[in-house]
Amino acid sequence: MSTQSTGGILSHYADFYPPELQKQGYPLISLHEGNTPLIPACHLAEWIEKNTPTRGLRIFLKYEGLNPTGSFKDRGMTYAVSQAKADGAVSIICASTGNTSAAAAAYGTRAGLKTYIVLPSGKVALGKLSQAILYGAEIMEIEGNFDQALTLVRQLGETGKVTVVNSINPYRIQGQKSAAFEVCDALGNGKQAEAPDYLFIPVGNAGNITAYWLGFCEYYAAGKITQKPKMMGYEAEGSAAIVQNRVIDNPETLATAIRIGNPASWSGAVSARDESGGLIGSVTDAEIIHAYQLLAGKEGIFCEPASAASFAGLIQAAQRGEIANNQSAVCVLTGNGLKDPDNAIAHGAAKRHTLAADDGIDRVLDIIEKNKSRPV
Ligand code: F0G
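Residues numbered from 1 in each chain as written. Predicted model: local features only at pLDDT ≥ 70, side-chain atom pairs only at ≥ 80, totals over all residues. Heavy atoms only, no water.

## Some details on the pairing of strand β5 (residues 138–142)
The line we're drawing: Whether two strands pair depends on DSSP finding at least two bridges between them. Secondary structure elements follow DSSP: runs of H or I of four or more residues count as helices, runs of E of two or more count as strands, with numbering from the N terminus. Note on handedness: a crossover is taken as right-handed if, strands pointing away from the viewer, the path from the first strand over the helix to the second is clockwise.
Bridge count for strand β4 (residues 114–120) against β5 is five bridges, and the pairing is parallel. Pairing of L119 across the sheet is with E141, part of β5. Where the polypeptide runs from β4 across helix α5 (residues 126–135) and back to β5, its parallel neighbour, the crossover connection is right-handed.

## A few points about the site of the ligand
Spelled out, the test is: We call a residue near a molecule or strand when any one of its heavy atoms sits within 4 Å of it. Pairs of N or O atoms within 3.5 Å make up the polar contacts considered here, provided that, within protein, one atom can donate a hydrogen while the other can accept it, and that residues adjacent in sequence are counted only when both atoms are side-chain atoms. Here, Shrake-Rupley sampling with a 1.4 Å probe gives the accessible areas, and only protein chains in the shown set may cover a residue. Domain start and stop positions are those given by an automatic or database domain assignment.
Lining the immediate environment of the ligand, one finds 20 residues, of which S96, N205, A206, N208 and T334 sit closest. Here an oxygen atom of the ligand and a backbone polar atom of A206 are 2.7 Å apart. G207 is positioned with one of its backbone polar atoms (N or O) 3.1 Å from an oxygen atom of the ligand. A total of 470 Å² of accessible area belongs to the ligand in isolation, and the protein chains cover 98% of it. Sorting the residues of the shell around the ligand by element identifies α4 (99–111) and α9 (207–221) as the ones contributing at least two each. When residues of the shell around the ligand are assigned to domains, at least three map to each of domain 1 (9–24 + 71–169) and domain 2 (38–69 + 173–347).

## Considering the pairing of strand β9 (residues 279–283)
Sheet faces and side chains relate simply in a regular strand, where the side chains alternate between the two faces. This is how the line gets drawn: Each residue is assigned to one of three classes by its accessible area relative to the maximum for its type, calculated with a 1.4 Å probe on protein chains only: buried under 20%, partly exposed between the two thresholds, exposed over 50%.
Burial analysis of β9 places four of its five residues in the buried class, the great majority of the element. Across five bridges, the pairing between strand β8 (residues 230–236) and β9 is parallel. Along β9, the bridge assignment pairs A236 with V283.

Given below as structure tokens:
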């Protein structure tokens, strides 16, 4: 059986990619990435109405955690790995805070390419590490941060011995632009595609904000949409290089996915901000955790902490009066909550009870009674 696939973003949005990709013989490596839901967040919209001066905001969540390896990285990896295969590569390499490595290992394995990944030691969430291990990548843990890992990977790329699949690889950005198309198609609801007024997105290495902006611009140029959104990107405060306009040598944040002090696509993020009339801001770890809890506790949506930076940014912007009234906003939730079980357990709101095997129903009835008047 052929591993050639007809699913995934490169097939679905074939008009926005080179025709060679659809030709017989092009090694299209897909796990049917993309086509993730855009979920209306009515409870969060109510919360914003009650707790901020912003009125009539409609909120939608682009739930990228439902991609095959649990993050948006799959959109870029299908193209980068297919192209590496087409170009005759035998191995791929990436530096990663975790999600890129999981995606590279999955797509690399499917393509029959050896996958090397360089991770900041001790700073990768458990779910991501477990993925790379099971997919069978060659894992190197550096006693340094992501930026140092990426410097190493760039140098290795220059030797010509391995193909780099970080977002400095242009096929990654090209693949990831498909998420912007999906947002517009979903908002159009079967009719004319429509962009939101605002797009809120976490910023780490700044590839994704660059890719979304490219996608909106291409849809606009093709006449699919009549307006483009304001791009609202959010870094973690301890890693806010773009906001502070300087490289951060020792970036810190509990949102390890965006613990990056020298974003590779820095200029792409600045262009997206300036051309769209948006902003790049920063959110504290406390704001990220609050947003993470609200997403799970009010909408039943489990994302990883870095993803919650988008909604944390929305709360901040709504409180500061940076969003006009009666607008629509999409928050990109970049990764699945299961990626980072440690933070979920540390910051979850649940009360946990231990029962003896012979407690019977009385103890449970007692818990139910005590909770009767407690709000959900
Ligand atoms: N959200 C998640 C869950 C991520 O994994 C990343 C980046 C981002 C947001 C930021 O996206 O870098 O395009 O600005 N993760 C990379 C990785 C760095 O190695 O997995 P960005």
